[in-house]
Amino acid sequence: MHPVVKTVLHRLALGVVTLFVVSVVIFTAVQLLPGDFGEAVLGQAATEETKAAFRRELGLDKPAVLRYFDWLGGVLTGDFGTSFSGRAASGVDRSREVADLIAPRLWNTLFLACYAAVIAVPLALIMGITTALWRNSIYDGVANASALTTISFPEFFVAYILILLLASLNPVFPSLANVDSSISFWDRVYTLALPALTLTLVIVAHMMRMTRAAIINLLASPYIQMARLSGAPPREVILKHALPNAWAPIATVIAFNLAYLVVGVVVVEVVFVYPGVGQLMVDAVTSRDIPVVQACAMIFAATYIMLNLIADIIGIVTNPRLLHPR
């Protein structure tokens, strides 16, 4: 078996094992949430018999191990269960199944993440390459200072500053990201301008600095010095010799930040009241809707692990020592 194929299969196996361990952690953590859903729905005046019957209807009377394997089996078949809130309101109702609740929200979250990625990734690559080429210049100093300043601010602070500047003092964009399925593409793009700009400012600095560091590290390599001595122009040295060998660390940083875009949108969605998976998860935690919380957490974990696996595979495939083994 080719070393690349063997290493990729090994990484995929590790990803599956990691996802299994994460599922155990998610299930255990959700069970440790304070409060009782039955009491929250029925009220403190409900008798113990009523609460016990309600828990039995929801399957909460079973041992934790059995509930975990029932839930895991459903997840493997695409069935995340039924929302507790839906059951409480009108019995088992397919319109309240967790998958039906998450599907439109997941599309909204992915749209916002892709929107920010389309802006952030090219901008970070361009800034990282140019600051590496003109390092120690005024442009390099300003870009790095701006990056460090942006990284030091939490997402909600950046979001509120943008709302103040671009929605309150200067009403250019809406402060709330209220969207639905009937909104057009360009109206959605306009409405999500501030959330996308917030995520872009948060992640572009990290990607830019890591790209700059990778390029500078390669520019000091002997083969780069040889290319320069041979008379190759700076553009050819960067694009033909340095950048292809920098793809592995750059791809890792990009994949990590793309994973953050999907996983870390919770705060941004809450600030802008955006109907995404993050907002749904916060509401589910508040109402102690266990199946919804578990499903949202599992989607976030699977996305994070998958994107990091993609980064690992890109690093493996672009590794000359594996592509051309002796």
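Computed from a prediction, not measured in an experiment: that's the story for all the values here.

K.L.:
Help me out: how do you make sense of unusual backbone geometry in this one?
P.N.:
Trans is the prevailing form of peptide bonds, just as negative phi is the prevailing case for residues other than glycine. The phi angle at N136 is positive, at roughly 70 degrees, despite the residue not being glycine. Relative to the helices and strands, N136 is located in the loop between α6 (98-133) and α7 (138-152). Positive phi values are uncommon outside glycine, yet V273 reaches one of about 50 degrees. In this fold, V273 is placed in the loop between α13 (266-271) and α14 (277-287). The exposure class of V273 is partly exposed, given its relative accessible area of 41%.

K.L.:
What am I meant to see in the nonpolar core here?
P.N.:
The nonpolar side chains of a soluble globular protein tend to be buried, and buried together. Counting 81 residues, the largest nonpolar core has I102, L192, M207 and F272 as its most contacted members. Among the elements that take part in this core, α6 stands out by supplying 15 residues, more than any other. Counting only domains with at least three residues in this core, you end up with domain 1 (3-96) and domain 2 (102-286). When near neighbours in sequence (up to four residues on either side) are disregarded, M207 contacts A120, V121, A124, V253, I254 and N257.

K.L.:
What is the right way to read the confidence of the model for the chain from this model?
P.N.:
Per-residue pLDDT for the chain averages 80, and the proportion of residues at 70 or more is 90%. At the low end of the mean pLDDT range in the chain sits helix α5 (residues 84-90), at 55; at the high end sits helix α9 (residues 185-191), at 89. Per-residue pLDDT stays below 50 along residues 88-95; that stretch engages in eight contacts with residues further than four places along the chain or on separate chains.

K.L.:
When you look at the side chain of R188 in this model, what are you seeing that I'm missing?
P.N.:
Looking at where R188 falls in the secondary structure, it is placed in helix α9. D180 provides the closest opposite charge to the buried, salt-bridge-free R188, at an N-O distance of 6.3 Å. For R188, the residues in contact, after removing those within four places along its chain, are W107, N108, F111, V179, D180, I183 and Y274.

K.L.:
Looking at this structure, I do not really get the environment of L194. What am I missing?
P.N.:
Considering the arrangement of structural elements, one finds L194 in helix α10 (residues 193-219). Overall, L194 belongs to the buried group, its relative accessible area being 0%. Taking the C-alpha atoms as reference points, L194 and I163, separated by 31 residues in sequence, lie 7.4 Å from one another. Once residues within four sequence positions are removed from consideration, L194 is found in contact with L162, I163, L166, A167, F173, P174, S175 and F272.

K.L.:
Help me out: how do you make sense of the packing of α6 against helix α15 (residues 290-317) in this one?
P.N.:
A pair of packed helices can be characterised by two numbers: the angle between their axes and the separation between those axes. Two elements in contact, α6 and α15, have axes whose closest approach is 10 Å; the angle formed by their N-to-C orientations is 45 degrees. As the angle between them shows, α6 and α15 are arranged oblique. Crossing of α6 over α15 shows right-handed handedness. Facing α6, whose interface residues are V98, L101, I102 and L106, α15 presents P291, V292, A295, C296 and I299. For the contact of α6 with α15, a count of residues per class yields nine nonpolar, no polar and no charged.

K.L.:
Is there a simple way to explain the packing of aromatic side chains in this structure?
P.N.:
Any aromatic ring pair is given by two values, namely how distant the centres are and how the planes are angled relative to each other. Throughout the structure, instances matching the rule amount to twelve aromatic pairs. Taken together, a centroid distance of 5.5 Å and an interplanar angle of 70 degrees make the contact between F27 and Y68 edge-to-face. Here F27, found in helix α1 (residues 3-31), pairs with Y68, found in helix α4 (residues 64-76); they are 41 residues apart in sequence, far enough to count as distant. The two residues F27 and Y68 agree in class, both being buried. Taken together, a centroid distance of 5.7 Å and an interplanar angle of 50 degrees make the contact between F173 and Y190 tilted. With F173 in the loop between α8 (155-169) and α9 and Y190 in helix α9, this pair connects stretches of sequence that are 17 residues apart. Judged by relative accessible area, which is 43%, Y190 ranks as partly exposed. Cluster of aromatic residues (ring-pair linked, three or more members): F20, F27, Y68, F69 and W71. The ring of F111 has R188 sitting right over it, with the charged end atom 5.3 Å from the ring centre.

Definitions and limits used
- Residues numbered from 1 in each chain as written.
- Predicted model: local features only at pLDDT ≥ 70, side-chain atom pairs only at ≥ 80, totals over all residues.
- Heavy atoms only, no water.
- Helix = DSSP H or I, 4+ residues; strand = E, 2+ residues; numbered from the N terminus.
- Buried < 20%, exposed > 50% of the residue type's maximum accessible area, 1.4 Å probe, protein only.
- Core = buried A, V, L, I, M, F, W, Y, C linked by side-chain atoms within 4.5 Å.
- Domains from an automatic or database assignment.
- Contact = heavy atoms within 4.5 Å.
- pLDDT = per-residue confidence, 0-100.
- Lys, Arg positive; Asp, Glu negative; His and termini not counted.
- Salt bridge = Lys/Arg side-chain N within 4 Å of Asp/Glu carboxyl O.
- Axes fitted to C-alpha atoms, helices over the stretch in contact; angles between N-to-C directions.
- Parallel < 35°, antiparallel > 145°, perpendicular 65-115°, else oblique.
- Left-handed = near helix turned anticlockwise from the far one by under 90°.
- Nonpolar A, V, L, I, M, F, W, Y, C, P; charged D, E, K, R; others polar.
- Phe/Tyr/Trp six-rings, centres within 6.5 Å; stacked < 30°, edge-to-face > 60°.
- Lys NZ or Arg CZ within 6 Å of the ring centre and 35° of its normal.

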